[in-house]
Amino acid sequence: MAISTGSSSSGDTPLSDINTTPLVDVMLVLLIIFLITIPVVVQNVKLKLPDVRYDPTTTKPENVSLSITSTPDGKCAVFWNLTPVHHDELLKLADDKLKAEIKRLGGPSKMTVDDLPEAHIRGDVNVPYRCIGGAIFTMQMAGFAKVGFISEPPPQGGLTE
């Protein structure tokens, strides 16, 4: 292994040194770009998510039970109790049910929101969100103030991982 001391006058020997200055410059520019853009991309809204509680369902006879599943061809299937209904039928049934309950309770002046019937939705785990969202939207359009979900409670030992 020969070490050059600079005393040789031959200029024909190739340089074996790598100039790392452009590499360092590019890396510093990329670092600055990432430091500026990461806080813009990763934005979080500070939230306190609710604790998971499983309240037993209090079923009143005037509550509406909806079951939502999907057909093999990907369409939404909504059942009012056990009767399959279409979107327009669901809106009409919900509207009629709410009007009948308001009339039975003596009119809007003699009741509170707690007296109104609730819509309980049971959705299959494989149902697309648009099916559930459509049912929620339809029930809210009809005037139902409380729309809840019925789920399967966890096993007795709590949540398992």
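Quick notes on the rules
- Residues numbered from 1 in each chain as written.
- Predicted model: local features only at pLDDT ≥ 70, side-chain atom pairs only at ≥ 80, totals over all residues.
- Heavy atoms only, no water.
- Helix = DSSP H or I, 4+ residues; strand = E, 2+ residues; numbered from the N terminus.
- Buried < 20%, exposed > 50% of the residue type's maximum accessible area, 1.4 Å probe, protein only.
- Contact = heavy atoms within 4.5 Å.
- Areas by Shrake-Rupley, 256 points an atom, 1.4 Å probe, with all protein chains shown as cover.
- Axes fitted to C-alpha atoms, helices over the stretch in contact; angles between N-to-C directions.
- Left-handed = near helix turned anticlockwise from the far one by under 90°.
- Expected span 1.5 Å × (residues − 1).
- Arc of directions from axis to C-beta.
- Pairing = 2+ DSSP bridges.
- 1 Å grid on protein atoms, 1.4 Å probe; cavity = no way out; pocket = protein on both sides within 12 Å on 5 of 7 lines; lining within 4 Å.
- Points joined across faces, edges and corners; volume = space filled by probe spheres on them.
- Nonpolar A, V, L, I, M, F, W, Y, C, P; charged D, E, K, R; others polar.
- Disulfide = S-S within 2.5 Å.

Peer 1: Before we move on, can you summarise the overall build of the protein with the specific residues and values?
Peer 2: If you tally the helices and strands in the protein, you get three helices and five strands. The order of α-helices and β-strands along the protein, N terminus first, is α-β-β-β-α-β-α-β. Here the protein holds 161 residues, and 19% of them are scored as buried. Restricting the contact set of the protein to residue pairs at least 6 apart, pairs at least 24 apart contribute 65%. Within the structure as shown, the protein displays about 13,100 Å² of accessible surface, and the carbon and sulfur contribution to it stands at 61%.

Peer 1: Which residues make up the packing of helix H2 (residues 87-104) against helix H3 (residues 129-142), and what values go with them?
Peer 2: Running from N to C, H2 and H3 point in directions that differ by 40 degrees, and their axes come no closer than 8 Å. The two elements H2 and H3 meet at a crossing, and its hand is right-handed. Between H2 and H3, the contacting residues are His 87, Leu 90, Leu 91, Ala 94, Asp 95 and Leu 98 on the first element and Ala 135, Thr 138, Met 139, Met 141 and Ala 142 on the second.

Peer 1: An account of H2 is requested, with residue identities and associated values reported.
Peer 2: Taking 1.5 Å as the rise per residue, H2 with 18 residues should run 26 Å; its terminal C-alpha atoms sit 26 Å apart, in good agreement. Restricting attention to buried positions, one finds in H2 the residues Leu 90, Ala 94, Leu 98 and Glu 101. Down the axis of H2, the smallest arc covering the buried residues is 65 degrees, so these residues share one side. Exposed positions of H2 whose direction lies more than 90 degrees from the buried face are Asp 88, Lys 92, Lys 99 and Lys 103. Buried residues in H2 make contact with strand E1 (64-70), strand E2 (76-80), strand E3 (83-85) and H3. Phi turns positive one or two residues past the end of H2, at Gly 106, with a value near 100 degrees.

Peer 1: Explain the sheet that holds E1 to me, using residue names and the numbers behind them.
Peer 2: Read across the open sheet, the five strands follow the order E3-E2-E1-E4-E5; overall the sheet is mixed. At either end of the open sheet lies a strand with only one pairing partner, and these are E3 and strand E5 (147-149). Here the strands of the sheet are splayed against their neighbours by 30 degrees on average, with no regard to which way each runs. Direction of pairing for E1 relative to strand E4 (residues 119-123): parallel, over a ladder of five bridges. Among the inter-strand pairings, Val 64 is bridged to a residue of E4, identified as Ala 119.

Peer 1: Lay out the pairing of E1 with the relevant residues and their values.
Peer 2: Sheet analysis places E1 next to E2, joined by five bridges and oriented antiparallel. Across the sheet, Ser 70 pairs through a bridge with Cys 76, a residue of E2.

Peer 1: Run through the layout of surface pockets, naming residues and quoting values.
Peer 2: Each pocket or cavity is described by its volume, and for the second largest pocket that value is around 210 Å³. Those elements that place two or more of their residues in the lining of the second largest pocket are E2, H2 and H3. Of all the elements, H3 adds the most residues to the lining of the second largest pocket, at five residues. Residues that form the lining of the second largest pocket fall into these classes: seven nonpolar, four polar and one charged.

Peer 1: Describe the state of the cysteines, and please don't skip the residues or the numbers.
Peer 2: Counting across every chain of the model gives one disulfide. Here Cys 76 engages in a disulfide with Cys 131; their sulfurs sit 1.9 Å apart. Judged by the sign of its S-S torsion, about -75 degrees, the cystine formed by Cys 76 and Cys 131 is left-handed. Of the two residues, Cys 76 sits in strand E2 while Cys 131 sits in helix H3, which places them 55 residues apart along the sequence.

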